[in-house]
Amino acid sequence: MSYKGTIERYKKFLPVDDKTPIVSLLEGDTPLLPSARIGKELGIDLYFKLEGLNPTGSFKDRGMSLTISKAVEVESPMVMCASTGNTSASAAAFSARAGIACTVLIPKGRIAMGKLAQALVHGCKILAVEGTFDEALDVAKALTDKHSITLVNSINPYRLEGQKTGAFEICDRLGEAPDYLVIPVGNAGNITAYWMGFKQYKQVSITSKLPKMIGFQAEGAAPLVCGHPVEDPQTIASAIRIGRPARGDEALAAAKESAGFIDMVCDDEIIEAYKKVARDEGYFCEPASAAAVAGLIKKVKSSEIKKGSVVVCILTGHGLKDPDTAIKVTDEMVTIKPDLSEAEKVLFD
Ligand code: AN7
């Protein structure tokens, strides 16, 4: 049996035809891991979608496969994105695969080390912008408006089309949509894409129900919760340090239409959940992904998410993307001499 990426597996639901060149790294088909402990503690039937197991370590690969394929189809000379790190890593990898030029704009000093390493090693052009992500995106938009360069941020509709395959996989695996879909929100493309995917699968009767869409932003970067843009967003979860989400209106509409909501969690809650997933579940996700887990825990405790329900939580990116944060928020290492008795003393005294 041959391996298939997202486009080949879900061709009939995507805007492709036989002439579309498929650029794929066999992304998607990520595990839906049943929770070992957190679900039981909360009294819900909980699954984690391990999007960090995509080829570049985040969910961005789903949308990037389709977006780069379409850019190659129209013979675009270059693709470009602004990014808090994961989009740039994915764009760099898929462009390398396609053999197409790629430029990424990143907020200087504000993206996680693993993500920067990825962009560097794939050999794209990197512009480190002295400013926020939102300001970098403004420059990317201006450049792509003026020159013949394809913007591959989630303003590009193909990004959402590709990312909706995550919703398809969940329904295919569970037999229908869950009661709740819990997801972190930054530029707001992913929650928008998942909602599109669930609605499309309901239209063709693959699922009979739709989930409530529950999104979480970080407190210092929560424009959709506060109801206004945030000029200088702050959070330890650098992936979602975004003050003017490009798909904000669609995300709010998805929450409303589905009878869900978008709320926020603070950095302490994010870090607590980040360690809890690693320690109670054995899976290492990045801080932005843990925002969803933090929010989930809070909302089950407040009964805004009902006990007994089926919940899928999207763990959007791999923990190894951001080793600095992992090391910064833990300090449980004991230094010893290479000596048996010293080791025994530390372990058993
Ligand atoms: C791990 O890479 O915006 O709400 O430029 O990397 O669809 O933006 C990343 C976002 C959640 C939020 N989790 O998703 C970028 C970027 C992780 C992320 C989000 C991001 P959206």
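Residues numbered from 1 in each chain as written. Predicted model: local features only at pLDDT ≥ 70, side-chain atom pairs only at ≥ 80, totals over all residues. Heavy atoms only, no water.

Lining the immediate surroundings of the ligand are 21 residues, of which Asn86, Thr87, Asn187, Ala188 and Thr316 lie closest. In the environment of the ligand, an oxygen atom lies 2.8 Å from a nitrogen or oxygen atom belonging to the backbone of Gly186. Ala188 places a main-chain nitrogen or oxygen 2.7 Å from an oxygen atom of the ligand. Protein contact buries 99% of the 470 Å² of open area that the ligand shows by itself. In the shell around the ligand, the residues fall into eight nonpolar, 11 polar and two charged. Two domains share the shell around the ligand, each providing at least three of its residues, namely domain 1 (6–58 + 158–329) and domain 2 (60–156). (Near = heavy atom within 4 Å. Polar contact = N/O pair within 3.5 Å; in protein donor to acceptor, adjacent residues only side chain to side chain. Areas by Shrake-Rupley, 256 points an atom, 1.4 Å probe, with all protein chains shown as cover. Nonpolar A, V, L, I, M, F, W, Y, C, P; charged D, E, K, R; others polar. Domains from an automatic or database assignment.)

So, on to the packing of aromatic side chains. What the rule picks out here adds up to seven aromatic pairs. Pairing Phe13 with Tyr201 gives two aromatic rings, centres 5.4 Å apart and planes at 65 degrees, and the pair type is edge-to-face. With Phe13 in the loop between helix H1 (6–9) and strand S1 (32–34) and Tyr201 in helix H9 (residues 189–203), this pair connects stretches of sequence that are 188 residues apart. Taken as a pair, Phe13 and Tyr201 share a single burial class, namely buried. Ring geometry for Phe168 and Tyr201: centres 4.3 Å apart, planes at 15 degrees, overall stacked. Here the residue Phe168 occupies a position in helix H8 (residues 165–174), and Tyr201 occupies one in helix H9, the gap between them amounting to 33 residues. The same class applies to Phe168 and to Tyr201, which are both buried. Following the ring pairs from residue to residue traces out a cluster consisting of Tyr10, Phe13, Phe168 and Tyr201. (Phe/Tyr/Trp six-rings, centres within 6.5 Å; stacked < 30°, edge-to-face > 60°. Helix = DSSP H or I, 4+ residues; strand = E, 2+ residues; numbered from the N terminus. Buried < 20%, exposed > 50% of the residue type's maximum accessible area, 1.4 Å probe, protein only.)

Turning our eyes to something else, we now look at the nonpolar core. Counting residues in hydrophobic clusters, the biggest one holds 38 residues, and the most contacted among them are Val182, Val293, Leu296 and Leu315. When contributions to this core are tallied by element, the ones reaching two or more residues are helix H2 (38–42), strand S2 (45–50), strand S7 (180–184), strand S8 (212–218), helix H12 (267–281), helix H13 (287–301) and strand S10 (310–315). At nine residues, the largest contribution of residues to this core is made by H13. Apart from residues no more than four positions distant in its own chain, Val182 is found in contact with Ile214, Phe216, Ala292, Leu296, Ile305, Val311, Val312, Cys313 and Ile314. The next biggest cluster of nonpolar side chains, apart from the first, holds 30 residues, and it includes Val16, Tyr194, Trp195 and Tyr201. (Core = buried A, V, L, I, M, F, W, Y, C linked by side-chain atoms within 4.5 Å. Contact = heavy atoms within 4.5 Å.)

The next subject is the sheet that holds S1. The strand order across the open sheet built from six strands is S1-S2-S10-S7-S8-S9, with neighbouring strands paired in mixed fashion. Only two strands of the sheet have a single partner each, and these edge strands are S1 and strand S9 (261–265). Neighbour-to-neighbour, the strand axes of the sheet open up by a mean angle of 25 degrees, direction not taken into account. Contacting S2, S8, S9 and S10, H12 crosses the sheet at an angle of about 95 degrees to S9. (Pairing = 2+ DSSP bridges. Axes fitted to C-alpha atoms, helices over the stretch in contact; angles between N-to-C directions.)

Turning our eyes to something else, we now look at the sheet that holds strand S4 (residues 101–107). In space, the four strands of this open sheet follow the order S5-S4-S3-S6, with parallel pairing throughout. Both outer strands of the open sheet, strand S5 (125–129) and strand S6 (150–151), are each paired with one neighbouring strand and no more. Pairing between S4 and S5: five bridges, direction parallel. Bridge assignment links Pro107 to a residue of S5, and that residue is Val129. The sheet contacts of helix H6 (residues 133–146) involve strand S3 (78–82), S4, S5 and S6, and relative to S3 the element is tilted by about 155 degrees.

This paragraph deals with helix H4 (residues 86–98). Across its 13 residues, H4 extends 18 Å between first and last C-alpha, which sits within 8% of the 18 Å expected from 1.5 Å per residue. Summarising burial for H4: 10 of the 13 residues are buried, a large majority. Those residues of H4 lying buried are Asn86, Thr87, Ser88, Ala89, Ser90, Ala91, Ala92, Ala93, Phe94 and Ser95. The inward-facing, buried residues of H4 contact helix H3 (60–73), S3, S4, helix H5 (113–122) and helix H7 (157–163). Immediately beyond the C-terminal end of H4, within one or two residues, lies Gly99, with a positive phi of roughly 75 degrees. (Expected span 1.5 Å × (residues − 1).)

If you walk through the whole model with that rule in mind, you get 20 salt bridges. Notably, a salt bridge pairs Glu286 with Lys115, separated by 2.7 Å at the nearest N-O pair. Remark: Lys115 occurs in helix H5 and Glu286 occurs in the loop between H12 and H13; sequence separation between them is 171 residues. When the shortest N-O distance is used, the salt bridge between Glu176 and Lys209 registers 3.8 Å. Linking Glu176 in the loop between H8 and S7 with Lys209 in the loop between H9 and S8, this pair joins segments that are 33 residues apart in sequence. Each member of the salt-bridge network shares a partner with another, and the members are Arg9, Lys49, Glu51, Arg62 and Glu169. (Salt bridge = Lys/Arg side-chain N within 4 Å of Asp/Glu carboxyl O.)

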